[in-house]
Amino acid sequence: MSHLIDSYASITGPDVIEQLRQLAKPLQGLKVVHVNSTKLGGGVAEILNKMIPLMNDLGIETSWEVVQGNPEFYACTKMMHNAIQGNQVQIPEKLLKVYEKTNAENAEQLRDTLTAADIVFIHDPQPAALLKHIDDRQGKWIWRCHIDASKPYGPVWKYLRKDVQHYDASIFSLAGFAQALPNPIYLIPPSIDPLNDKNIELPEDERRAVYEAFNLDPDRPLVVQVSRFDRFKDPVGVIQSFKSAKRFIPGLQLVLAGGEASDDPEGDIVLEEVRTAAADEPDIHVLLLPGDAHRTINALQSAATIIIQKSLREGFGLTVTEGMWKQKPVIGGDTGGIRLQVINHHTGFLVNSPAGAALRIRYLLKNQDKMFEMGIKAKEFVRENFLITRHIREYLTLMHALVFDSKHRIELK
Ligand code: UDP
């Protein structure tokens, strides 16, 4: 019988797949549940979409639950998200009550599944308060923080920590994000799936079709940023960089492609800011795409001459890795996970301002050989470090540690 996981061997080599099988073997039949707050939009949903079937394929019974809430709940969790990433946000008491109540209600809905699970992964702050409602839990619970929690706003972190400290383990994407907690902390960066529609190599005609669809000129350089319309992604800063570079490279084009995430209530406001900033420049294309437009995003990233991700804060920008996998140099904000993803001067550049980004755009377009070389290195760097197979290996290793309490060694046959 052919297995989904085997299809990755052509990309990673067969040894990597064999190692996953060995790690999965002692975990056969375990019930694992992932909980987050949206099925569509954003990096967490992107990862879980494939993580779940692959874990099942490896014999680990894995399911995915999504907490449901009203707009006040998402307003609250967005404020938490912004505060954990460092903004000084006072969350009104009323919204915190909605947060608690929503978690209590969702715990009721999910009680049987969560109680019976051997391992529960709770992603980000939105469902973090579920734990205290499941008194008779059987399994180990892990809080998986995807955001940049390096300098959280104190009062909000203190609030969240009251729940997070009771987990059996926590995961951060990199060492700089980890906060002191009484539970064991694991460092696991996220990953991309090279075989999903977002990252496969598209047929030439499909790649070319985006030029026509979005009125782009294939003969002129194109800078692309794919991101939710979120101020931390600094889309207005990207527009400033673009305008400044365009004074020297008149043919330059920019695509800012984003979509809606159902758990992000600020998107419309930021989109309006972006449209206003772009209004006087016909070569800026602001695209609002449906949440499942994976092939279109793939085609845009593939069509790009340069990928930009000028975030001001970033847990780990999947879009950076997606661009690198398409052999593109990436100009990334010098922040958070992007520092781990972009090797400055080798696979792209880290920048701290719109002026810096503009300079790097100009440099790359003047040095095509360098750009090509960076693209090749970028793809290999992703192959080694940021594919879903590495991510699965680390989750399996973590499960071993928690289930068998094998803190110091993992025995492979
Ligand atoms: N994405 C998408 N449509 C959009 C914007 C983003 O499919 O309009 C995808 C993007 O390709 C990436 C993920 O959503 O896979 C965003 O993850 P990232 O870590 O870059 O940012 P997050 O939204 O999680 O902060």
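In short, a report on the structure. (Residues numbered from 1 in each chain as written. Predicted model: local features only at pLDDT ≥ 70, side-chain atom pairs only at ≥ 80, totals over all residues. Heavy atoms only, no water.)

**Some words on the pattern of salt bridges**
So, point 1. A full pass over the atoms with the stated rule returns 27 salt bridges.
So, point 2. Residue K132 is joined to E100 by a salt bridge in which the shortest nitrogen-to-oxygen separation is 3.1 Å. Within this pair, whereas K132 is found in the loop between β3 (119-123) and β4 (140-144), its partner E100 is found in helix α5 (residues 93-116), the two being separated by 32 residues in sequence.
So, point 3. For the salt bridge of E206 with R295, the shortest nitrogen-to-oxygen distance reads 2.7 Å. Of this pair, E206 sits in helix α7 (residues 204-213) while R295 sits in helix α10 (residues 294-303); the two residues are 89 residues apart in sequence, bridging distant segments of the chain.
So, point 4. Residue class for R295 comes out partly exposed when judged on its relative accessible area of 31%.
So, point 5. Shared partners join several salt bridges into a network, and the residues in it are D217, R220, K246 and D283. (Salt bridge = Lys/Arg side-chain N within 4 Å of Asp/Glu carboxyl O. Helix = DSSP H or I, 4+ residues; strand = E, 2+ residues; numbered from the N terminus. Buried < 20%, exposed > 50% of the residue type's maximum accessible area, 1.4 Å probe, protein only.)

**Section: the sheet that holds β3**
So, point 1. One open sheet holds the six strands; their spatial order is β2-β1-β3-β4-β5-β6, and the pairing between them is parallel. Each edge of the sheet is formed by a strand with only one pairing partner; in this case those strands are β2 (61-66) and β6 (185-187). Pairwise comparison of adjacent strand axes, ignoring direction, gives a mean angle of 20 degrees for this sheet.
So, point 2. Sheet topology places strand β1 (residues 31-36) next to β2; six bridges connect them, and they run parallel. Note on β2: the bridge partner recorded for V33 is S63.
So, point 3. Across the sheet, helix α3 (residues 43-57) lies against β1, β2 and β3, angled at about 155 degrees from β2, the strand it touches most.
So, point 4. Relative to β3, helix α15 (residues 388-403) is tilted by about 125 degrees, and along the sheet it contacts β1, β3, β4, β5 (169-172) and β6. (Pairing = 2+ DSSP bridges. Axes fitted to C-alpha atoms, helices over the stretch in contact; angles between N-to-C directions. Contact = heavy atoms within 4.5 Å.)

**Structural notes on the site of the ligand**
So, point 1. Residues in contact with the ligand amount to 17 residues; listed here are only the nearest, G43, R228, K233, G259 and E322.
So, point 2. Taking 540 Å² as the accessible area of the ligand by itself, protein coverage stands at 91%.
So, point 3. Contributions of two or more residues to the shell around the ligand are made by α3, β8 (253-259) and α11 (318-325).
So, point 4. Counting residues per element, the shell around the ligand draws most heavily on α11, which supplies three residues. (Near = heavy atom within 4 Å. Areas by Shrake-Rupley, 256 points an atom, 1.4 Å probe, with all protein chains shown as cover.)

**Concerning the side chain of K326**
So, point 1. Secondary-structure assignment places K326 in the loop between α11 and β11 (330-333).
So, point 2. Buried within the structure, K326 lacks any salt-bridge partner; its nearest side chain of opposite charge belongs to E322, at an N-O separation of 5.2 Å. (Lys, Arg positive; Asp, Glu negative; His and termini not counted.)

**Thoughts on the packing of aromatic side chains**
So, point 1. The full count for this structure, using the stated rule, is 10 aromatic pairs.
So, point 2. The interplanar angle of 40 degrees and the centroid separation of 6.3 Å between the aromatic rings of W143 and W157 together place this pair among those described as tilted. With W143 in strand β4 and W157 in helix α6 (residues 154-164), this pair connects stretches of sequence that are 14 residues apart.
So, point 3. Just above the ring of F349 sits the side chain of R360; from NZ or CZ to the centre is 4.2 Å.
So, point 4. The side chain of K379 reaches across the aromatic face of W325, ending 4.5 Å from its centre. (Phe/Tyr/Trp six-rings, centres within 6.5 Å; stacked < 30°, edge-to-face > 60°. Lys NZ or Arg CZ within 6 Å of the ring centre and 35° of its normal.)

**Focus: the sheet that holds strand β9 (residues 284-289)**
So, point 1. The strand order across the open sheet built from six strands is β9-β8-β7-β10-β11-β12, with neighbouring strands paired in parallel fashion. At either margin of the open sheet sits one strand with a lone partner, and together these are β9 and β12 (348-351). Strand-to-strand twist in this sheet, taken as the mean axis angle between neighbours without regard to direction, amounts to 20 degrees.
So, point 2. In the sheet, β8 pairs with β9 via six bridges, with the strands oriented parallel. By the bridge assignment for β9, G258 is matched with L288.
So, point 3. Lying on the sheet, helix α9 (residues 267-278) is in contact with β8 and β9; it crosses β9 at an angle near 160 degrees.

**As for the nonpolar core**
So, point 1. Grouped together as the largest cluster of nonpolar side chains are 62 residues, with contacts concentrated most on F121, L300, I392 and L396.
So, point 2. A total of seven residues in this core trace back to one element, the largest contributor, which is α15.
So, point 3. If you look at the next biggest cluster of nonpolar residues, it comprises 42 residues, including F73, A107, A129 and I134. (Core = buried A, V, L, I, M, F, W, Y, C linked by side-chain atoms within 4.5 Å.)

**A word on the side chain of N82**
So, point 1. Considering the arrangement of structural elements, one finds N82 in helix α4 (residues 71-84).
So, point 2. The class of N82 is buried, set by a relative accessible area of 8%.
So, point 3. Beyond its immediate sequence surroundings of up to four residues, N82 is in contact with N87, V89, F232 and E266.

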